[in-house]
Amino acid sequence: MPDPKPWYETTVAVFKRHEIRLIPFVPDNVLRPLIGAIQADPFFTSFSCTREEEAMGVSAGGWMGGMRSIVLMQTSGFATLPNVIASLSVPFQIPTLMMVSERGTLGEFNLGQALVAKTMRPVLDALALEHHTIARDDELEFILDRSIRQAIATRMPACLILSPLLTGGKVFAA
Amino acid sequence: MPFATNRPLARAEARVMARADLTRRLVAQLKHEEAVIGGIGFANFELWGAGHRPQNFYMLGSMGLAIPIALGVALAQPQRRVVALEGDGSLLMELGTLATVAGLRTPNLVMVIQDNGTYQITGGQKAASETADLIGIARESGLTQAAWAADEADFDAMVAQALSAPGPWVIGVRIGTDRPEATTERDPTRIRDRFMRGIGTIR
Ligand SMILES: Cc1ncc(C[n+]2csc(CCOP(=O)(O)OP(=O)(O)O)c2C)c(N)n1
């Protein structure tokens, strides 16, 4: 059997299929190959923002202007977002998509990351938001594709969490 | 000629004007369905008060995001001018966005910074903008076309230039603390739906 495509190539292909062109992000080491592939491709408008909530504002404006968008970040970035999700995305019914590289678990070396990560799913559940943790290559395309369709159709934000089981994560070199 | 030439060098030299009057002056120059994002403070109240337009988006929360939202609209619709009306307190919360815009050089983006030196809507507490010059910060962030308006006539001229020549533009206005003349109708899904139809995203 041929090797499956790496996770970031599958992800880029699904973004393209859904015409998701505007991709503001705050960098994360695990997302590096995805950000690299997006920035190398003129299909996308992609740049770093200074804060994740700034990227959410850009994404919301882009969507209202007719350009589909997803924000890339790591778990600590998500922890800064409850205010913008609850005061912009949800009440105005703007389906800001979020893709979060999951740090703070499965071999994390930074206690700060680990504690912040624990706040993510309770916040998503408190806001009754659709979220999925993607751990397997063979489920990646299906979960991404369906979540994007549902977010756009229901005008609700959605969060796609990339587990270290999918991406390899980041480990302490010891 | 550089945008700042013959204009106040610093905030202290700029004339204090009325937000309602300046907002009406801005809206009077909008002839091409320009989009306007009204920030979370009294900026959006006065935008509403200047007469509702379908291309107006009124923020109800998410302090500091008027410029990022306007940037997103501007990137999605490069043929349309997009104006962010933001208060000084709100901009102080999201100063990094000036650096983001400077890096992108988005030509159709206009930022109007309304500086009353206070967080007026929450009780008039003093803001750091009294000492930190926001237009100076914008300029040093790389937004070279940033200047304080000397007076009302100067503001009109700056707006005319910003609506026609390539930006990004930053127009700083010192304003007083008169109460806004109107209160924005707060129905977020209606605001969003009207805005999207107003800028032609949906029909
Ligand atoms: C994150 C966050 N912190 C605090 C507030 C409360 N708040 C709402 S508006 C505002 C002040 C806005 O000041 P400015 O942008 O200068 O506008 P002005 O009130 O002077 O018109 C504050 C502190 C908030 N809505 N969100």
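Before reading further, recall that the structure is shown in the block above.
Treat the numbers as computed from the prediction; the structure is a model and nothing was measured.

Engineer: Would you mind going over the overall build of chain A with me for this structure?
Structural biologist: Secondary structure summary: chain A contains nine helices and six strands in total. What you see for chain A is a C-alpha radius of gyration of 15 Å, in line with the 16 Å of a compact globule of 174 residues. Sorting the 174 residues of chain A into buried and exposed places 53% on the buried side. Long-range pairs, those at least 24 residues apart, make up 76% of the contacts in chain A between residues at least 6 apart in sequence.

Engineer: I'm lost on the overall build of chain B in this one. Help?
Structural biologist: Helices and strands together make up the secondary structure of chain B, namely eight helices and nine strands. Out of the 203 residues in chain B, the part that is buried amounts to 57%. Expressed as a percentage of contacts within chain B between residues at least 6 apart in sequence, the contacts between residues at least 24 apart total 74%. Element-wise, carbon and sulfur atoms account for 52% of the exposed surface of chain B, whose accessible area totals about 7900 Å². Across chain B, the mean location of the 21 positive side-chain charges is 5 Å away from that of the 21 negative side-chain charges.

Engineer: I tried to follow the state of the cysteines on my own but got confused; where do I start?
Structural biologist: Here, the word disulfide means a covalent bond between the sulfur atoms of two cysteines. Residues and elements named next belong to chain A. Summed over the entire model, instances satisfying the criterion amount to zero disulfides over all chains. Of the cysteine sulfurs around Cys-49, a residue in no disulfide, the closest is that of Cys-159, at 17 Å. Overall, the relative accessible area of 6% leaves Cys-49 in the buried class. Exposure remark for Cys-159: the relative accessible area of 1% places this residue in the buried category.

Engineer: Would you take a moment to explain the packing of helix H1 (residues 19-28) of chain B against helix H7 (residues 152-162) of chain B for this structure?
Structural biologist: For any two helices packed against each other, one specifies the inter-axial angle together with the distance between the axes. All names here are of chain B. Across the interface, H1 lies against H7 with an axial gap of 10 Å and an inter-helix angle of 35 degrees. Between H1 and H7 the crossing geometry is right-handed. Here Asp-21, Leu-22, Arg-25 and Leu-26 of H1 lie close against H7, whose contacting residues are Glu-152, Phe-155, Asp-156 and Val-159.

Engineer: Explain the nonpolar core to me, please; I cannot follow it from the model alone.
Structural biologist: When a protein is soluble and globular, its nonpolar side chains tend to lie buried together. A:Phe78, B:Phe57, B:Met111 and B:Ile171 are the most contacted members of the largest nonpolar core, which has 87 residues in total. Counting residues per element, this core draws most heavily on helix H3 (residues 66-76) of chain B, which supplies eight residues. Not counting residues up to four positions away in its chain, the partners in contact with A:Phe78 are A:Met73, A:Ile85, A:Met98, A:Val100, A:Met120, A:Val123, A:Leu124 and A:Cys159. Ranked by size, the runner-up nonpolar core spans 27 residues in total, among them A:Ile20, A:Phe25, A:Met99 and A:Leu166.

Engineer: Can you walk me through the sheet that holds strand E2 (residues 45-48) of chain A in this structure?
Structural biologist: Consider a sheet: its strands pair through backbone hydrogen bonds, and that pairing is either parallel or antiparallel. All names here are of chain A. Spatial strand order, E2-E1-E3-E4-E6-E5: six strands in an open sheet with parallel pairing. Two strands in the sheet have a free side with no partner beyond their single neighbour: E2 and strand E5 (130-134). On average, each strand axis in the sheet is inclined to that of its neighbour by 20 degrees, with strand direction left out of account. When strand E1 (residues 20-25) meets E2, the two strands line up parallel, connected through four bridges.

Scoring rules and cut-offs
- Residues numbered from 1 in each chain as written.
- Chains lettered and ligands numbered in written order.
- Predicted model: local features only at pLDDT ≥ 70, side-chain atom pairs only at ≥ 80, totals over all residues.
- Heavy atoms only, no water.
- Helix = DSSP H or I, 4+ residues; strand = E, 2+ residues; numbered from the N terminus.
- Rg over C-alpha atoms; globule rule 2.2 N^0.38 Å.
- Buried < 20%, exposed > 50% of the residue type's maximum accessible area, 1.4 Å probe, protein only.
- Contact = heavy atoms within 4.5 Å.
- Areas by Shrake-Rupley, 256 points an atom, 1.4 Å probe, with all protein chains shown as cover.
- Lys, Arg positive; Asp, Glu negative; His and termini not counted.
- Charge placed at Lys NZ, Arg CZ, Asp CG, Glu CD.
- Disulfide = S-S within 2.5 Å.
- Axes fitted to C-alpha atoms, helices over the stretch in contact; angles between N-to-C directions.
- Left-handed = near helix turned anticlockwise from the far one by under 90°.
- Core = buried A, V, L, I, M, F, W, Y, C linked by side-chain atoms within 4.5 Å.
- Pairing = 2+ DSSP bridges.

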